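# Survey of secondary and tertiary structure
Spelled out, the chains give:
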Amino acid sequence: MNRYRSCVRGYNGAPTLFVNDQPFFLNAPYPKGEFPYKGGKKIAHTIPSEIYLLRVATLGFRPDGTADISAAADVVDRFLTWKPRALFLLRTYPVAPAWWLDENPDDEMLFDHDIRRLPGYSNYRDASLGSEKWLSFVCGTYASFCAQLHKKYGGRIIGHQFGGGSNGENGPIGNCTNDGRWFCNDFSKAFTGYFRRWLRNKYATNRPLQRAWGDDRVTLDTAAVPHRLERLKSEWFTFRSPLRAQSADFYAAHADRIEDFVIAICSTIKKATNNECIAGSHLGAIMDLGFHAYLLSQTMASSFLRAARHPAVDTFTTPSSYVNKGPGGDCSAMTPQGSIELHGKLRFQDQDSITRAGFSTGQVTRQDEALYFAHYQLPKDIPESAEVLKRDYGHALIRGSALWWHSLRPGNFDDPALVKTIRRLHRLGEKSLHFPRGIRDSLAVIVDQSSGFHQQCANRLMYPMMYYQRQHFWSRTGVGWNVFVQDDLDHPAMKAYPVYLFLNTFYLTDDAISRIEKKVKGSNATVIWTYAPGIQSPAGFDLRRMERLTGFRIKVADIEALPRITVTNYDHPYTRTLSCKEEDNPLSFGPANSYCFGTVSHQGNREISNNEEREGMMGPIFYVDDADAAVLGELDCLREPGFCVKNMDGWTSVYVAAPMLSTPILRNILRAAGAHIYSESGDVFYPGKSFLMMHTVTDGRKIIKFPRALDVYDCWINQLVGRRIKNFETKLSAKKTALYFTGDLEKWESL
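Worth saying up front: this structure is predicted, and the values here are computed from it rather than measured. (Residues numbered from 1 in each chain as written. Predicted model: local features only at pLDDT ≥ 70, side-chain atom pairs only at ≥ 80, totals over all residues. Heavy atoms only, no water.)

## Things to note about the overall build of the protein chain
- Assigned secondary structure in the protein chain consists of 17 helices and 29 strands.
- Over its C-alpha trace the protein chain gives a radius of gyration of 26 Å, about what one expects of a compact globule, namely 27 Å for 751 residues.
- Expressed along its principal axes, the backbone C-alpha trace of the protein chain runs to roughly 75 × 75 × 55 Å.
- Relative to its full complement of 751 residues, the protein chain shows a buried share of 63%.
- Here the analysis covers contacts within the protein chain between residues at least 6 apart in sequence; of these, 75% occur between residues at least 24 apart.
- With the model as given, the accessible surface of the protein chain reaches about 27,800 Å², and the carbon-plus-sulfur share is 48%.
- Taking the average location of the 90 positive side-chain charges in the protein chain and that of its 80 negative ones, the two points are 4 Å from each other. (Helix = DSSP H or I, 4+ residues; strand = E, 2+ residues; numbered from the N terminus. Rg over C-alpha atoms; globule rule 2.2 N^0.38 Å. Buried < 20%, exposed > 50% of the residue type's maximum accessible area, 1.4 Å probe, protein only. Contact = heavy atoms within 4.5 Å. Areas by Shrake-Rupley, 256 points an atom, 1.4 Å probe, with all protein chains shown as cover. Lys, Arg positive; Asp, Glu negative; His and termini not counted. Charge placed at Lys NZ, Arg CZ, Asp CG, Glu CD.)

Written as C-alpha cells, this is what we have:
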C-alpha cells in the first residue's frame, strides 16, 4: 500500500497543500448527496479530480470513547471503487449524540426557552461548548477515528475538515435558524462554570470585574451568563458601554471557546496521524458580522488569530459572502484572508455558488424561488453559470488559495459544459503553481476581532461597513485589496501599503493604538478612518482617542440619524471626477446636482427618495470641527463636515463619518496615493502576480492598464493578447469572466 504524507507550506508565495512533497492546487469536488454515496443522486457528468472532499455524517461515537469508523469507511470505500486512485479530505460534524446528552444533563446546551416543543426543533440538542467533559470526549473520539482511518488507508485521507453547530460552521445551534429566529443560549451549568473560569483568568479578583461590569454586587463566583434582554441592550446607540461589559465578555468567552475546540481537535488529529495529514475548520468570518441582525452567528466564530498562530491548524474555511454573489457580482471571502496568509495558513473556500444545472420549471418551488433565485441570484442558463464558476475560481487563482466545489443542491454541476469548464479551471490551477502567486494589492483593509463584541445587536452599522461595500464596491475600483486584523500590523511579513482603510476598529486598547500609529503614521500612506476608530477602550468611551488616531478635532451628536454624506467640494483629487448624473449616482434623487454616498438602501432602489432610508439610521453621529481640515462633504442630517482630509507629518488622514465609501471615491483616493489603477470600467477586477481576472458588470469596451510593460495571454481562449504591452482593450458583454496570464509565456506554453 502506498503511504501518503500531507502538509501545508509556502510555495511560490502562497500557502500550498503538499502530498508526498508534491504541491497541489487544492480544488476538491464536494459531492454531498450524490453518487457514490449510498442512495445518492445519480450524476451523468461528474467533476474529475485527484482529491475529493467527502461528507461523513457521524464520527461513530461510542461510550468507551473510541470511534466506530464503519460509516466513514463505507463512504471512502464506495468512492475508491469508483475512483481507485483518489485522495480524500473528510468533513465531519462533532455534534453530541443524544445518548451522551442524556447521560450528562449538566453538559447540554441550555436555552432561555424550551425550544424542543416547537415544530421542527424536537431534536435541537447539542453539548455545551463550556463542557470540559465533552471536549475531552470529542478529542478522544477524533483520536480514535483519525488513527484508525489513517492506518486503514495509508494516509490516503490527507486531511480532516470539521465544524460544530447546526450548520457545521461552528456557529452554536440557535444562532441562525432557517426561519430567522434567535434561540438564546447558553445557560447550562457547564458553560456558566467555563464563563467564570474565563472571567477569573481575565480579571483575577472581584474589583476589576465589578468595574468592568458596572456592578458592585457581582463576584467571580456569582457572575452569570447575560440573559436575552441584557444582550439586546446598548448604552450609546450602536455601542455597548465598555463599563457594562457583561455581554461583551460573554461573546469574547464564547469566541475563545470555539478557538479552544478548533485548536484541541486539530492538535488531536495531528497527533493521531503522526503529523501526516492536514487539519482545519470553519473560523474567522469577521467580514460577515453584519449579515445577521443579532450579530451572533459570525461574532461567536470570529476570533481566529490564536488558531492562526497555532502549528496544528492548517486551513481556515468559510463560504464566500452571499449578497451580490450572482452573475455580475462578487464572491469575496468572509475572512481576513491577508492575515490568514501572513500566518502561513491555507484558506479553503467553501465555494457553494448555485448553477442552473438541475433546475427546470417543474422543479422550482416557492422555497427555491426565495432561496436560489432571490438570495443566491441564480444564473439564467448554463453559459452564465459557467462564467460564475470561472469568477469563483479566479479568486483562488489570483490569491493562491484553495476551494471545494460544494454541490449545495445535488446535481449542481451535472452538465457537460460545466464539467468541461471546471476541468479547464483545474488545469489552470495546476499550471499556476509554477509561477509567482498571490494578489497585487495596494489597499489594506484593517478590521478588529473584538470590536464586534462591544456593538449593539443590530446590523445597521456593520452590514454596510463590513459586508455591503466589500461585495459591491471594493473589487470595482480596479485595484487589488486585502483584509488584515489590526493585531497583525506589526507582523514582520506585513508590508507597507499606500492606502489603509480602517473599518470596525472601535474597541482598541492603548497597545493597539500604538501599534496602529507605528505602522501608518509617518509612512507616507493615506489612512482612511471610518466612523469611530478607537472610541471604546477598557476605560470607557473617549473622543480624544479618536482625535489622537485621526488627527482631526471631532465632535459628536447624541442622536440616531441617516449618516448619508453629500459632496460639497468638487475641486479636490478625491472628488474632481465624480459624476452627478443619476445613472452614476444612485443615492441622488431629483436634480442631478449633487453626489451622495455612505448608506445602503438607496442603491438601485428608486422607490426610496431623499432621506427616507430609516432602516439605515444609526447613532451617535460624529462630525469634524477642525479649521485645518479640507472639507469634501457634509452629513445631510447635521449639515456638518463628514468627509474630510488633512495633510499630516509624513502621511495623509481621511475621515469618513459614514460606514462606507463609494467605488469612485475610493478609486480616487487610491489614485492620489500612487496606487496603480488597472481598470476604471466598474467591473469586478482582481490583479495577481501572474494572473488577472475580470468579471463584467456591464457590456462594453474594457481597458486594462499595467504599471509596466507585460506579456499578456488570454488563458481561457488560448490567445496571445500582446507582448511587452502597457495596456490593451477588449469588448465584453455583461456577466462574463476573463482570465489573463501575465508571466513567463515560454514557460507557460511548455507546461
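## Considering the packing of aromatic side chains
- What the rule picks out here adds up to 58 aromatic pairs.
- Between Phe 502 and Trp 529, the aromatic rings sit 4.7 Å apart at their centres with planes inclined by 25 degrees, giving stacked as the arrangement. With Phe 502 in strand β14 (residues 499-502) and Trp 529 in strand β15 (residues 526-530), the pair connects residues that are 27 residues apart, well separated along the chain. This pair shows no difference in class: Phe 502 is buried, exactly as Trp 529 is.
- With 6.4 Å between their ring centres and 50 degrees between their planes, Phe 552 and Tyr 655 make a pair best called tilted. Within this pair, whereas Phe 552 is found in the loop between α15 (543-550) and β18 (554-557), its partner Tyr 655 is found in strand β24 (residues 652-656), the two being separated by 103 residues in sequence. For the pair shown, Phe 552 and Tyr 655 are each scored as buried.
- Its end group placed over the ring of Trp 481, Arg 399 keeps NZ or CZ at 5.2 Å from the ring centre.
- We note Arg 470 situated over the ring of Tyr 467; from NZ or CZ to the ring centre the distance is 5.2 Å. (Phe/Tyr/Trp six-rings, centres within 6.5 Å; stacked < 30°, edge-to-face > 60°. Lys NZ or Arg CZ within 6 Å of the ring centre and 35° of its normal.)

## Description of the nonpolar core
- Of all hydrophobic cores here, the largest spans 172 residues; its most connected members are Phe 145, Trp 474, Tyr 500 and Phe 622.
- Looking at which element gives the most residues to this core, the answer is helix α3 (residues 132-153), with ten residues.
- Apart from residues lying up to four places away in sequence, Trp 474 is in contact with Met 287, Val 445, Met 465, Gln 469, Val 479, Trp 481, Val 483, Leu 501, Leu 503 and Leu 666.
- Ranked by size, the runner-up nonpolar core spans 22 residues in total, among them Tyr 203, Leu 209, Val 225 and Cys 457. (Core = buried A, V, L, I, M, F, W, Y, C linked by side-chain atoms within 4.5 Å.)

## Digging into the pairing of strand β23 (residues 640-647)
- In terms of residue burial, β23 counts as a mostly covered element, since six of its eight residues are buried.
- Remark: four residues form the turn of the hairpin made by strand β22 (residues 630-635) and β23, two consecutive strands paired antiparallel; Arg 639 in that turn has positive phi of roughly 55 degrees.
- Bridge count between β23 and β24: five bridges; the pairing is antiparallel. If you follow Val 645 over to β24, its bridge partner there is Val 654.
- Between β23 and the antiparallel strand that follows it, β24, lie four residues; Gly 650 among them carries a positive phi value of about 85 degrees. (Pairing = 2+ DSSP bridges.)

## Regarding α3
- Between its first and last C-alpha atoms α3 spans 31 Å; for 22 residues at 1.5 Å apiece the expected length is 32 Å, and the two agree.
- Two or three places before Lys 133, at the opening of α3, Ser 131 has a side-chain oxygen 3.3 Å from that residue's backbone nitrogen.
- Phi for Gly 154, located one or two positions after α3, is positive at around 60 degrees. (Expected span 1.5 Å × (residues − 1). Polar contact = N/O pair within 3.5 Å; in protein donor to acceptor, adjacent residues only side chain to side chain.)

## Comments concerning the packing of helix α11 (residues 382-399) against helix α12 (residues 416-432)
- The geometry of α11 relative to α12 is characterised by a closest axis approach of 10 Å and an angle of 15 degrees between their N-to-C directions. Here α12 runs roughly parallel to α11, going by the angle between their axes. Between α11 and α12 lies a crossing whose hand is right-handed. Contacts between α11 and α12 involve Ile 382, Ser 385, Ala 386, Leu 389, Lys 390, Tyr 393 and Leu 397 from the former and Ala 417, Leu 418, Thr 421, Ile 422, Leu 425, His 426, Leu 428, Gly 429 and Ser 432 from the latter. (Axes fitted to C-alpha atoms, helices over the stretch in contact; angles between N-to-C directions. Parallel < 35°, antiparallel > 145°, perpendicular 65-115°, else oblique. Left-handed = near helix turned anticlockwise from the far one by under 90°.)

## What to know about the pairing of strand β29 (residues 737-741)
- Counting buried residues along β29, five of its five residues qualify, which places the element largely inside the surrounding structure.
- Along β29, one buried face is formed by Thr 737, Leu 739 and Phe 741 and the opposite face, lined by Ala 738 and Tyr 740, is buried too.
- Alignment of strand β26 (residues 691-695) against β29, held across five bridges, turns out to be antiparallel. Paired with His 695 across the strands is Thr 737, a residue of β29.
- In this structure, strand β27 (residues 700-714) lies alongside β29, joined through two bridges in antiparallel fashion. Opposite Asp 714, over in β29, you have Tyr 740 as the bridge partner.

## Some points on the sheet that holds strand β13 (residues 480-485)
- An order of β13-β12-β14-β15-β24-β23-β22-β19-β20 is seen for the nine strands of this open sheet, with the pairing classed as mixed. In this open sheet, the two edge strands, each paired with only one partner strand, are β13 and β20 (596-597).

## Here we look at the side chain of Asn 170
- Relative to the helices and strands, Asn 170 resides in the loop between β7 (157-162) and α4 (189-203).
- Taking the relative accessible area as the measure of exposure, Asn 170 reaches 10% and is therefore buried.
- At a separation of 2.8 Å, a polar atom in the side chain of Asn 170 contacts the main-chain amide nitrogen of Gly 164.
- Setting aside chain neighbours within four positions, we find Asn 170 in contact with Gly 163, Gly 164, Ile 258, Val 262, Ser 281, His 282 and Ala 301.

## Structural notes on α15
- If you check which residues of α15 are buried, you get Arg 545, Met 546, Leu 549 and Thr 550. Burial along α15 is one-sided: seen end-on, the buried residues are contained in an arc of 120 degrees.
- Among the structural elements, α14 (510-520), β15, β16 (536-537), β18, β21 (621-624) and β24 are those in contact with the buried residues of α15.
- Capping the start of α15, Asp 542 holds a side-chain oxygen 2.9 Å from the backbone nitrogen of Arg 544, two or three residues further along. (Arc of directions from axis to C-beta.)

## Notes on the side chain of Lys 390
- Tracing the chain through its elements places Lys 390 in helix α11.
- Contacts of Lys 390, omitting those with residues within four sequence positions, involve Thr 421, Leu 425, Trp 716, Thr 737 and Leu 739.

## With respect to the environment of Trp 529
- What makes Trp 529 buried here is its relative accessible area of 0%.
- Taking the C-alpha atoms as reference points, Trp 529 and Ala 630, 101 residues apart in sequence, are found 15 Å from one another.
- Ignoring sequence-local partners within four residues, the contact set of Trp 529 consists of Phe 502, Ile 516, Val 520, Leu 549, Thr 550, Trp 651, Ser 653, Val 654, Tyr 655 and Val 656.

## Digging into unusual backbone geometry
- Geometrically, the link from Phe 35 to Pro 36 is a cis peptide bond, its omega value of 10 degrees lying close to zero.
- Residue placement: Pro 36 occurs in the loop between β4 (27-30) and β5 (51-55).
- With an omega of -5 degrees, the peptide bond between Gly 619 and Pro 620 qualifies as cis.
- Along the chain, Pro 620 falls in the loop between β20 and β21.
- Here the phi dihedral of Asn 20 falls at roughly 50 degrees; this positive angle occurs in a residue that is not glycine.
- Counting through the fold element by element, Asn 20 comes out in the loop between β2 (14-19) and β3 (22-24).
- We note that Lys 735 has phi near 65 degrees; this positive angle belongs to a residue other than glycine.
- Looking at the element boundaries, Lys 735 is found in the loop between β28 (719-732) and β29.
- Overall, the relative accessible area of 34% leaves Lys 735 in the partly exposed class.

## Regarding the packing of α4 against helix α7 (residues 246-272)
- As a packed pair, α4 and α7 sit with axes 10 Å apart at the nearest point and diverge in direction by 100 degrees. Relative to α7, the element α4 lies roughly perpendicular. Contacts from Phe 191, Tyr 194, Phe 195, Trp 198, Leu 199, Lys 202 and Tyr 203 of α4 reach α7 at Gln 246, Asp 249, Phe 250, Ala 252, Ala 253, His 254, Asp 256, Arg 257 and Asp 260.
- Grouping the constituent residues of the contact of α4 with α7 by class yields nine nonpolar, two polar and five charged. (Nonpolar A, V, L, I, M, F, W, Y, C, P; charged D, E, K, R; others polar.)

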